[in-house]
Structures are given as structure tokens and as C-alpha cells.
Amino acid sequence: MPELVTAAAACELRDLGRMRYADAFALQQKFVECRKRGEIPDQLLIVEHPHVVTMGRNGHDENLLCAPELLDRAGIEFHRTDRGGDVTYHGPGQIVGYPIVDLREWKRDVMAYVRGLEQVLIDALAEFGIPARREAGATGVWTAEGKIAAIGVHISRWVTSHGFALNVETDLNYFRYIVPCGLTRPVTSMRALGCLADRDQVVAAIARGFARVFDREVEKI
Amino acid sequence: MIDVIMPQMGESIVEGTLTKWLKKPGETVERDEPLFEISTDKVDTEIPSPVAGTLGEILVQEGTTVGINTVVGRINDGAGAPAAAAPVAAPPAAAEVPAPTPPAPSPVQAAAPVTSQPAAPIEESAGPLSPLVRKMARENGIDLSQVRGTGAGGRITKQDLEAHIDGRSAAPAQAAPAQAPVQPASVAPPPPPAPAQQAVVQQAPQAQQAPPPPRTQAVAPVQEQAHFRGEAPAARVEPMSVMRQKIAEHMVFSKRTSAHVTTVHKVDMTRIAKMRDRVKGEFQARHGFSLTFLPFVMRATTAALQAFPLLNSSIDGTNIIYHRDINLGMAVALENGLIVPVIRNADEKNVVGLQRSIADLASRARSRQLRPDEVQAGTFSITNFGSFGSVFATPVINQPQVAILGVGTVEKVPVVLDDAIAIRSVCYLALTFDHRLIDGALGDQFTQKVKSILENWSEEVL
């Protein structure tokens, strides 16, 4: 019997802490398959990666400023991956979020989804007094001092994977190994902007933003 | 051959870049198996194949950007007749459309079990077929490659054969798809941004035709997208939120299920209004939330439900389920919808307790903090449309309950009392009940009981 709506649709928040890129990628695939089968509700996975440079489907090798062997020597992993977007860096001090959302239960509009992710991060940053915004033609979240969050998404049968990366206290030097997302504009972080918020506080703000923007009841698992 | 098109992955998306073919020409692909990937600014999407078959030609190379609905490739699915589009098969939707001509009313074959048989040449090209269909084709000398399949995945069904036979014996058979631009009302025009995960033109499922000949074909709806070229669109399409979809489903389900009748009674709330005026200051100071009329109505309702338990029941087939507890649902308006949190064992609460629950549930409903168990197990509902100014309305029953009480706005009006005109605070109570179970007399007796408790209120509130 179609029930009159219960509470808003659920989303499970899983803070998985430190996880290597490849492991998180494999985990995402499992969650995506379960989500497609309707076995689980939407997920918001939060991780922190050891140093890694990833190349998305729109990636251009020339945006990797050094040979992969050099990355290896610097202790930075390298992966080609199936998300949209060009090359980017993930590392300690950066909150990486992988929402596994079935867009059929929100909006069948991938650009609206990307805009939604931007909004989640913009709202979360606003809680810490950081005015951030979108830029037409440059997906991601921007401040006057540069890009503070990157976005790259993969969709399979309307289920999302990959997601966003927000610089909280990322070591910005590592971005020198790449032309992030193919852009030569500066990259910044919350710490660089003088914000002393810690990771858990920021994750909580992201969860609140996510619940609002995507109309979900976010439950921390 | 089926055209594979660049799908529209969102309302404002006008083009896509095909980044990777996941199959090569000549390779077979299953329906729904990922066929190619597209990229639009930071989003990489796998597009599944609309049909099972063999990838024929690739028309758009990797790395090329094309407009949506552009044909990027073709799949040979074995159906002989060239088509502009394959209708997406709705599940036995053919059964919903009254079929005027099939010779004998026959059960829908669209869901005919697929038995993959070692196929003879003709049958092979037509895809998996039921033995019945193959036998019928043989007996009637039908070349299955000439028959258009409308079953799941383009399979040929019994109806398709029957129609083919009709078409053959009647005048021009409708074998070739019509290329006329806009279809007459028999096919709902593809809603402009109907982002189909299937990279094929998708007809609205209701438009799935029963067998009779006019098997109208939707053409590649490129012309539907004309509004992107600078003109303001005549309408804006917005997909419904999940909540809205659920409300929509529930409302029609409820109307289809219950025999809705509404009875309206006028209630003199003056006694309560006076009491409320007297105590509301102290009430607010003591409890931190204000005193409204609603808890009074709820208290009277629970007392009336104890006197008339049939209104606190449900129908299960031909059984009446009397609920032990009185769990009062309370409709709360949300920004773009509504939700009905439940006050469990409402008969055990007094006015203060009810008002506290009302305030708490309403506030948490609006901030999306209700728990799932707080919106379940209701046995009777109350809706306070008076708070929006309505004097009375005809509420819809919240299934699987059998009644809902609507409370109109309380206002001062002149009434006749003892043959004189007096100014009294009055409101209308509108009870919608399910006439399958509750007759008018009982519905009215119940409402009269609520009215009488309210008009003769004696319980102290503080």
C-alpha cells in the first residue's frame, strides 16, 4: 500500500577515516551495486586519502606536471579513474566525500546534482564564516583566494559515485605536482583562510548541508 | 536496427561528449549493459544499451561532442523493420488499454515467459519467442522478421501477431513507422526533458497501444527541443520530489479505496474560547508553548472514539480490525508537502500533554527531524485546516484508517440562542468517513459526541 510519506528519505553517513584511494573506489562500487538494487538507502561516505593524484575521464596528461615515476618517489599514488573532471590531488587534511545517491529518488538531472553538491559545500563553509561561491563554467567551490573544493562525479543508472574534495588543512604544496582540474588558478584551504575548524566540525556541517539540499534524513552510522 | 541516441541527463543539458565506447561494432550487448560513456563538465555517465543485440555502426567517435538526441550508433536487435525508435515496452500496460479489435479477449502475452530455444533461422532474428507465438506464426505463414514486437525488449507477442494478421487482411498494413512529425493524441508527446536512462526515445508508458493497427511511432523528438534555440519555453518542467510523488500516490489510492463521505457539524466553542483566554498567559509562562484550540478538539475526539470504536478501526478484506490503541495522526503542512506525525495513546494525555505533543511534533516535522516510528501506526487523523483560514473542507482519509476529522477556523459569528442573537465563537467540524464501514447515522453520532464534549467543556486545563 503506498504509504503517506514517512520521514524524509534516509541517507547513511559513514565516516571511514583514512582510506587508500583504490580501497575506497572498490568500496564505492559495492555500495553502488547495492544501491542500484535498492538494498540500501543513499550513502554519504567521508574519507581521507593518503597522497594521491587522480585522473578523471576528461583528463589531459599534460596537466600532470611530472612523470608518474616522480610522483611515486614523492610518495604520491596515481590512479586513472572513471569520474568526470580532469586531474586532481587528494591528501591528508582534505575531506573527500563520496555520496552514493540514486538520482531517481531526487532529480534525474546530473547537472542539478553537481550544483547541489556545490551548494552543500557552500552552505557548510558559510557556517564557518567563509564566503564561497560557484563560478559559471568552472564547477567546484571558489573563494576570492582560489578554489577550495573540487567536484568530479560518475553516474551509472542514475546512481552517483565519486563526489567532492574540500580542503580543510590540506598541504597546498602538493597541488604543485598538477594543474588541478586543468586550471592554473590558485587553490586554497580553510586553514589558509584563517579558519581553525577541525575535521569533525566540518563533516557535521557538510552532513547538515547535505540533508537540506538533497532532502534527506542523514543518519551517522 | 535501433538508433542509440545521446541522452539528456538533465533539464538544462543540451549536449554531451562521448568519451568512450564500451563495446566495439560486432560485439553483442545485453539490454541495460553499459554501452558508452559520456562526459559533461565533471560528470561521467555510463549509458546503458536500450536493447539487446549487436552493436552495428558507430556514428559518433570517442571525444566528439554532439547535441542531445543525436544518433550516436545503431544496434541490430534482430527486428526486421527499420524504425525511428523502438517503443520502450511498458509492463503489461496493454492490458490497461481496452482493446477494441483483438478477435478474442485473450490474456496479455507481453509477459510471456522467455524460453530461449535453439532457434531456426527465422525465429533467431526475431529474438526469443514463446512457443505459442512461434506456432501461431508457422500456422499463419507469418515471416516473424516482418512483425514489430511490442513486448518487453521488443519481443513479438501474440497480440502483435494478431494485429499483423488483421493488418494483412485489411487494407495497408502499418509496417513502416509513420514519419509524421507530431503525433495525434493517441501518443503522449515525449515530455521535453524526459531524461531517459535508456538512450532511446521513450514514449510515456500509458501510450503503449493495444494491438490494433495505428501503431503510431514517435519520431526522434528533435523538434520538441526547439525551444532551446532562444525562445522562452511555454512551460517549465520540474520533476516531483519524492515526498510529492508519495503524497500523490497516496491520495488517489485513498480515494480509490474508501467510499468518502463528509458530514459537517457546527460547534459552539465559546466556553473553550473563554477558558483559553483566561489561562493562556499562565499556560505559556508555565509550559513554554502556547495553548491553541486543537488539543481540546483532540481530547474530545479521543473520548468520542472510545464511545464509538468503529471509527478507530481498519478494513481488511471483509474483516473489521478494531485497534486497541488510539493513535491520533495530526496533519502538518510542510513547505512543499505534508506529513502526518502520530500521537500515540492520545487518550492517555490531557490537554497540556496533547498541546505539548502537538508543538513538538509540528516543529520537528517542519525541521525534518521526525523518526520513522513517529509517522506510523496512526488509527485516526485530525487535520486543522482552520489554521489556514478554511471554514470547512472535505479531507481525504489517511489509509488504512476509516475516518478523518477536519477542524475549521474558530471565528466569532452571530448565532441564534434562545430566540435572540448572540455573538459566539463557532467552528465547523468536517468528518470524512469511509461509507464502506461507517454509515451516515454513526458518522453523525460520533461528530455530535465530539461537539457535545467541546460545547460542555468542564475539564480544567492548568
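Reading guide: rules and limits
All chains use their own residue numbering, which begins from 1 and follows the written sequence. Throughout, the order in which chains and ligands are written sets their labels, letters from A for the former and numbers from 1 for the latter. For a predicted model such as this one, the threshold for reporting local features is a pLDDT of at least 70, and the threshold for listing and counting side-chain atom pairs is 80 or more; totals across whole chains, interfaces and linings nevertheless cover every residue. Note that the side-chain values use all heavy atoms of the structure and ignore hydrogens as well as water. Helix and strand definitions follow DSSP, with helices as H or I runs of at least four residues and strands as E runs of at least two, each counted in order from the N terminus. For every residue, the accessible area obtained with a 1.4 Å probe (protein chains only) is divided by the maximum for its type, and the residue is called buried under 20%, exposed over 50%, and partly exposed between those limits. Should any heavy atoms of two residues lie within 4.5 Å, those residues are considered in contact. In this analysis a 1.4 Å probe is tested at points of a 1 Å grid over the protein atoms alone, and where it fits but cannot get out there is a cavity; an open set with protein on both sides within 12 Å along at least five of seven lines is a pocket; lining residues have an atom within 4 Å of a point. Grid points are joined across faces, edges and corners, and a volume is the space filled by probe spheres set on the points. Lys, Arg, Asp and Glu make up the charged group, whereas Ala, Val, Leu, Ile, Met, Phe, Trp, Tyr, Cys and Pro make up the nonpolar group; the residues left over, Gly among them, are polar. Each of two parts loses accessible area, computed with a 1.4 Å probe, when they are put together; buried area is these two losses added. Any carboxyl oxygen of Asp or Glu that lies within 4 Å of a side-chain nitrogen of Lys or Arg is treated as forming a salt bridge with it. For this analysis, a polar contact is any N or O atom pair within 3.5 Å, provided that within protein one partner can donate a hydrogen and the other can accept it, and provided that sequence-adjacent residues contribute only side-chain to side-chain pairs. Here the rule is simple: two strands pair whenever DSSP picks up at least two bridges between them. For helices, the axis comes from a line fit to the C-alpha atoms of the stretch in contact; other axes are also lines fit to C-alpha atoms, and the angle between any two N-to-C directions lies between 0 and 180 degrees. Throughout this description, any angle smaller than 35 degrees is read as roughly parallel, any larger than 145 degrees as roughly antiparallel, any in the 65 to 115 degree range as roughly perpendicular, and the remainder as oblique. Left-handed describes a crossing whose near helix is turned anticlockwise from the far helix through less than a right angle; right-handed describes the clockwise counterpart. For our purposes a nonpolar core is just a set of buried Ala, Val, Leu, Ile, Met, Phe, Trp, Tyr and Cys residues, chained together by side-chain atoms within 4.5 Å. Every residue is assigned a pLDDT by the predictor, reflecting its confidence on a scale from 0 to 100. Two rings belonging to Phe, Tyr or Trp (six-membered ring only in the last case) form a pair when the distance between their centres is within 6.5 Å. Interplanar angles under 30 degrees mark stacking, angles over 60 mark edge-to-face geometry, and anything in between is tilted.

Undergrad: Talk me through the environment of A:Phe31; I want residue IDs and the actual numbers.
TA: All names here are of chain A. The topology assignment puts Phe31 in helix α1 (residues 21–36). Note on Phe31: relative accessible area 13%, which makes it buried. For Phe31 and Asp42, which are 11 residues apart along the polypeptide, the C-alpha to C-alpha distance reads 9.1 Å. Once residues within four sequence positions are removed from consideration, Phe31 is found in contact with Arg14, Ile40, Gln43, Leu45 and Ile100.

Undergrad: Now, about the layout of surface pockets: what can you tell me, with residues and values included?
TA: The calculated volume of the largest pocket comes to roughly 1200 Å³. Taken together, 41 residues form the lining of the largest pocket, with A:Ala211, A:Arg212, A:Asp215, A:Arg216 and B:Arg368 sitting closest to its centre. For the lining of the largest pocket, the elements supplying multiple residues, two or more each, are β1 (10–18), α4 (199–213) and β11 (217–220) of chain A together with α4 (242–257), β13 (332–334) and α7 (351–366) of chain B. It is α4(A) that provides the largest number of residues to the lining of the largest pocket, a total of 5 residues. Residue composition of the lining of the largest pocket, by class: 21 nonpolar, 5 polar and 15 charged.

Undergrad: Pulling in residues and values, what's your account of the interface of chain A and chain B?
TA: If you look at the interface, chain A gives 37 residues, while chain B gives 38 residues. In this assembly, chain A packs against chain B so that about 3200 Å² is buried in total across both faces, 59% of it on carbon and sulfur atoms. Counting every contact that joins chain A to chain B gives 0 salt bridges. Applying the counting criterion to the chain A and chain B interface returns 6 residue pairs in polar contact (both at pLDDT 80 or more). Counting residues per element, the ones that place at least two in the side of chain A that touches chain B are α3 (110–127) and β9 (146–156) of chain A. For the side of chain A that touches chain B, the element with the most residues is β9(A), which contributes 7 residues. For the side of chain A that touches chain B, the class distribution of residues is 15 nonpolar, 8 polar and 14 charged. The sheet contact formed by β9(A) and strand β5 (residues 43–48) of chain B spans 4 bridges and is parallel.

Undergrad: Got a sec to walk through the packing of helix α6 (residues 294–307) of chain B against helix α8 (residues 440–455) of chain B? Specific residues and values, please.
TA: All names here are of chain B. Running from N to C, α6 and α8 cross one another at 135°; their axes reach a closest spacing of 8 Å. By the criterion of interaxial angle, the relationship of α6 to α8 is oblique. Two packed elements cross with a definite hand, and for α6 against α8 that hand is right-handed. Listed contacts from α8 to Phe296, Val297, Ala300, Thr301, Ala303, Ala304, Leu305 and Ala307 of α6 are Phe446, Lys449, Val450, Ile453 and Leu454. Of the residues that constitute the contact of α6 with α8, the class distribution is 11 nonpolar, 1 polar and 1 charged.

Undergrad: Explain the nonpolar core to me, using residue names and the numbers behind them.
TA: Of all hydrophobic cores here, the largest spans 61 residues; its most connected members are A:Val110, A:Leu166, A:Met190, A:Ile206, B:Phe36 and B:Val72. Looking at this core, the element that brings in the most residues is α3(A), giving 11 residues. One finds B:Phe296, B:Ala300, B:Ile326 and B:Val351 within the second-largest nonpolar core, a separate group that totals 57 residues.

Undergrad: Describe the confidence of the model for chain B, and please don't skip the residues or the numbers.
TA: Residue and element names in this part refer to chain B. Mean pLDDT over chain B stands at 77; residues scoring 70 or higher make up 73%. Mean pLDDT across the elements of chain B bottoms out in helix α1 (residues 121–125) (41) and peaks in strand β17 (residues 403–407) (98). Note that pLDDT drops below 50 for residues 81–127; the model gives that stretch 84 contacts with residues more than four away or on any other chain. Confidence drops under a pLDDT of 50 for residues 170–227, and excluding neighbours within four residues, the segment shows 106 contacts in the predicted structure.

Undergrad: Tell me about the packing of α6(B) against α7(B), and name the residues and values.
TA: All names here are of chain B. It is the contact of α6 with α7, at a shortest axis distance of 9 Å, that shows an interaxial angle of 120°. Accordingly, the angle class assigned to the pair α6 and α7 is oblique. Seen from above, α6 lies across α7 with right-handed handedness. In this structure, α6 contributes Leu294, Pro295, Phe296, Met298 and Arg299 to the contact, and α7 contributes Val351, Leu354, Gln355 and Ile358.

Undergrad: Just give me the short version of the packing of aromatic side chains, but keep the residues and values in it.
TA: Tallied over the entire structure, the rule returns 12 aromatic pairs over all chains. Judged by centre distance (5.3 Å) and plane angle (5°), the ring pair of A:Tyr89 and A:Tyr174 falls under stacked. Remark: A:Tyr174 occurs in the loop between β10 (159–167) and α4 and A:Tyr89 occurs in strand β5 (residues 87–90); sequence separation between them is 85 residues. Both residues of the pair, A:Tyr89 and A:Tyr174, count as buried. Consider the rings of B:Phe308 and B:Phe446, whose centres lie 6.4 Å apart with planes at 80°: the pair is edge-to-face. With B:Phe308 in the loop between α6 and β10 (313–316) and B:Phe446 in helix α8, this residue pair connects regions lying 138 residues apart in the sequence. Classification of B:Phe308 by relative accessible area gives buried; the value is 19%. Three or more aromatic residues joined by ring pairs form one cluster here, namely A:Tyr89, A:Tyr174, A:Phe175 and A:Tyr177.

Undergrad: An account of the sheet that holds strand β3 (residues 52–55) of chain A is requested, with residue identities and associated values reported.
TA: Residues and elements named next belong to chain A. Spatial strand order, β4-β3-β5: 3 strands in an open sheet with mixed pairing. Strands with a single pairing partner mark the edges of an open sheet, and in this sheet they are β4 (77–80) and β5. On average, adjacent strands in this sheet sit at an angle of 20° to one another, irrespective of strand direction. Two strands pair when backbone bridges link them, and β3 and β5 are joined in this way by 4 bridges, in the antiparallel orientation. By the bridge assignment, Met55 is partnered in β5 with Val87.

Undergrad: Quick rundown of the confidence of the model for chain A? Include the residues and the values.
TA: Residues of chain A with pLDDT of at least 70 account for 96%, and the chain-wide mean is 90. The weakest mean pLDDT in chain A belongs to helix α2 (residues 68–73) of chain A at 80; the strongest belongs to strand β6 (residues 94–100) of chain A at 97.

Undergrad: Pulling in residues and values, what's your account of the pattern of salt bridges?
TA: All names here are of chain A. Taken as a whole and judged by the stated rule, the model has 31 salt bridges over all chains. Residue Arg18 is joined to Glu48 by a salt bridge in which the shortest nitrogen-to-oxygen separation is 3.1 Å. Of the two residues, Arg18 sits in strand β1 while Glu48 sits in strand β2 (residues 42–48), which places them 30 residues apart along the sequence. On the accessibility criterion, Glu48 (15% relative accessible area) is buried. Across the salt bridge formed by Asp42 and Arg35, the nearest N and O atoms sit 2.7 Å from each other. Residues Asp42 and Arg35 agree in their burial class; the two are buried. Taken together, the shared-partner salt bridges connect Arg35, Asp42, Glu105 and Arg216 into one network.

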